[in-house]
Amino acid sequence: MGVPPQMGQAIYGLPNSYYTDQAILSREISGIFRRTWQIVGREEDVRNIGDYLTCTVADEPLVVLRHLDGTLRALLNLCAHRGMRLLDGSGTCQRLTCPYHSWSYDLDGQLQRVSFPTYLPGDFDPSTVRLHTAQIDSWGGFIFVNLDPSADSLSIYLGDMRKRWEEYHPDWEGLREVNRLTYTQPFNWKIFMENSTDYYHIPFIHRRSLELPPVIRNCSSGSHFMLTTCTPEEHYERFFDLVFPNSYFHIGPNKIQHFQVVPDTADRCAIDIRLYQTPDQMKAYPLSDPTKHRDIAQILAEDFTICRVLQQQAKSAFFRVCYSAHELEAGVNHFDRIVLEHVRR
């Protein structure tokens, strides 16, 4: 299914400038975020024709909507006239009308009407004007977009991850959001992603909030990374899966957690965490029952403290990872290597 990590060798991580330099972040935006599939919502968020949500991917404003034919569309939320934002938030619309000068587009992004057309040039042809689009697809109810028109399909991008997830949890479409946590934190986005795939720190940073179940499988899948654990007393597996570049799934029998990290500046990022359950899981494992769920807020507070310190440490010219605890940090090494491959292209 994947490529086993190399064990026991010296590993050199990212240079400190990758955590502090705005120019590096600009290269990551263009070389990573504009070329990879990004999760922007769920199918149930745009269930009916005309339903829409707005989002931003790699600085590009987007409208994701349900078309008349029932399929999804991703349009640039940018009027072809003066670049005004067409829609905000979420809702339902029959057309996209610019609030600035009232140019109006259909759900395909085709310009349908302009105000005061006699003032426009004589050769102006509305039929040649349409909004830019992005690739869009979905899997398991999650909606993904990709700004790169030549990028591989979502199916190819996810690769082995789809089969792995489907075999563990058969009803991804039946998941519904049951909780959401959002944070803005003063550290580079990669520091949090590295921490999320670092299994080495758990018994020290989370000594009271988590146990350290043994790693039973650990391998890469394309740009992604899969870590499987099983606690002896529970007798079931948990998945801790990195979907490159900025998503992380924790998949267990009572819920699925999705973490998404979005860079703001070189030393600040937004972290969005959503918890999902099926209706049956909601009944069997209600979030209100503390005996059935760990305190995610406490776990995050512990992680954030470490990440903030690491961001300060990254200012040192001597800051760099030199060695790896083989399979306990294999995900960190994999992530850093894929970042370098994309940025240096």
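Residues numbered from 1 in each chain as written. Predicted model: local features only at pLDDT ≥ 70, side-chain atom pairs only at ≥ 80, totals over all residues. Heavy atoms only, no water.

With respect to the sheet that holds strand β5 (residues 90–92)
Inference 1: One open sheet accounts for four strands, arranged β4-β3-β2-β5; its pairing is antiparallel. Pairing within the sheet leaves two strands with one partner each, and these edge strands are β4 (72–76) and β5. With strand direction ignored, the average angle separating the axes of adjacent strands in the sheet is 25°. (Pairing = 2+ DSSP bridges. Helix = DSSP H or I, 4+ residues; strand = E, 2+ residues; numbered from the N terminus. Axes fitted to C-alpha atoms, helices over the stretch in contact; angles between N-to-C directions.)

Here we look at empty space enclosed by the protein
Inference 1: This model, assessed by the stated rule, comprises two cavities of 30 Å³ or more.
Inference 2: Of the pockets and cavities examined, the largest cavity occupies roughly 40 Å³.
Inference 3: As for the largest cavity, its lining consists of W37, Q38, I39, F144, V243, F244, P245, N246, S247 and Q260.
Inference 4: Class assignment for the residues of the lining of the largest cavity results in six nonpolar, four polar and no charged.
Inference 5: By volume, the second largest cavity is sized at about 30 Å³.
Inference 6: Taken together, R238, H250, I251, G252, N254, K255 and Q257 make up the full set of residues lining the second largest cavity.
Inference 7: Here the lining of the second largest cavity is composed, by residue class, of one nonpolar, four polar and two charged. (1 Å grid on protein atoms, 1.4 Å probe; cavity = no way out; pocket = protein on both sides within 12 Å on 5 of 7 lines; lining within 4 Å. Points joined across faces, edges and corners; volume = space filled by probe spheres on them. Nonpolar A, V, L, I, M, F, W, Y, C, P; charged D, E, K, R; others polar.)

Some thoughts on helix α8 (residues 296–313)
Inference 1: The end-to-end C-alpha separation of α8 is 26 Å, in line with the 26 Å expected for 18 residues at 1.5 Å each.
Inference 2: Along α8, the residues classified as buried are I296, I299, L300, E302, D303, F304, C307 and Q311.
Inference 3: In this structure, the buried side of α8 is in contact with α1 (17–20), β11 (176–185), α5 (189–196), α6 (202–205), β16 (256–265) and β17 (268–277). (Expected span 1.5 Å × (residues − 1). Buried < 20%, exposed > 50% of the residue type's maximum accessible area, 1.4 Å probe, protein only. Contact = heavy atoms within 4.5 Å.)

Thoughts on a negative patch on the surface
Inference 1: A cluster of acidic residues, E166, E167, D171, E173 and D280, forms a negative patch on the protein surface.
Inference 2: Position of D280 among the secondary structure elements: in helix α7 (residues 279–284).
Inference 3: For D280, a relative accessible area of 60% puts it in the exposed group. (Patch = residues over 30% accessible without salt bridge, like charges linked within 9 Å, V, L, I, M, F, W, Y side chains within 5 Å. Areas by Shrake-Rupley, 256 points an atom, 1.4 Å probe, with all protein chains shown as cover. Salt bridge = Lys/Arg side-chain N within 4 Å of Asp/Glu carboxyl O. Lys, Arg positive; Asp, Glu negative; His and termini not counted. Charge placed at Lys NZ, Arg CZ, Asp CG, Glu CD.)

Considering unusual backbone geometry
Inference 1: A cis amide bond links F244 to the next residue, P245, at an omega of 5°.
Inference 2: Following the sequence through the fold, P245 ends up in the loop between β14 (237–243) and β15 (247–251).
Inference 3: Although it is not a glycine, A58 adopts a positive phi angle of roughly 50°.
Inference 4: If you trace the backbone, A58 turns up in the loop between β2 (51–57) and β3 (60–66).
Inference 5: The exposure class assigned to A58 is buried, which follows from its relative accessible area of 12%.
Inference 6: Phi is positive for F116, close to 50°, though the residue is something other than glycine.
Inference 7: With respect to the helices, strands and loops of the structure, F116 is situated in the loop between β8 (111–113) and β9 (135–139).

Looking at the side chain of D303
Inference 1: Topologically, D303 is positioned in helix α8.
Inference 2: No salt bridge is formed by the buried D303. Its closest oppositely charged neighbour is R308, at 11 Å.
Inference 3: At a separation of 3.0 Å, a polar atom in the side chain of D303 contacts the side chain of N195.
Inference 4: With residues up to four places along the chain from it excluded, the contact list for D303 reads N195, H201 and H206. (Polar contact = N/O pair within 3.5 Å; in protein donor to acceptor, adjacent residues only side chain to side chain.)

Section: the state of the cysteines
Inference 1: Summed over the entire model, instances satisfying the criterion amount to zero disulfides.
Inference 2: Just so you know, C98 is unpaired, no disulfide at all, and the nearest cysteine sulfur is the one on C79, 4.0 Å from it.
Inference 3: Residue C98 is classed as buried on the basis of its relative accessible area, which comes to 5%. (Disulfide = S-S within 2.5 Å.)

Some thoughts on the environment of S247
Inference 1: Within the secondary structure, S247 sits in strand β15.
Inference 2: Separated by 54 residues in the primary sequence, S247 and M193 have C-alpha atoms spaced 8.2 Å apart.
Inference 3: Every residue in contact with S247, bar those within four places of it in the chain, is listed here: I39, M193, D241, L242, H258, F259 and Q260.
Inference 4: Looking at S247, its side chain comes within polar contact range of the side chain of H258, at 2.9 Å.

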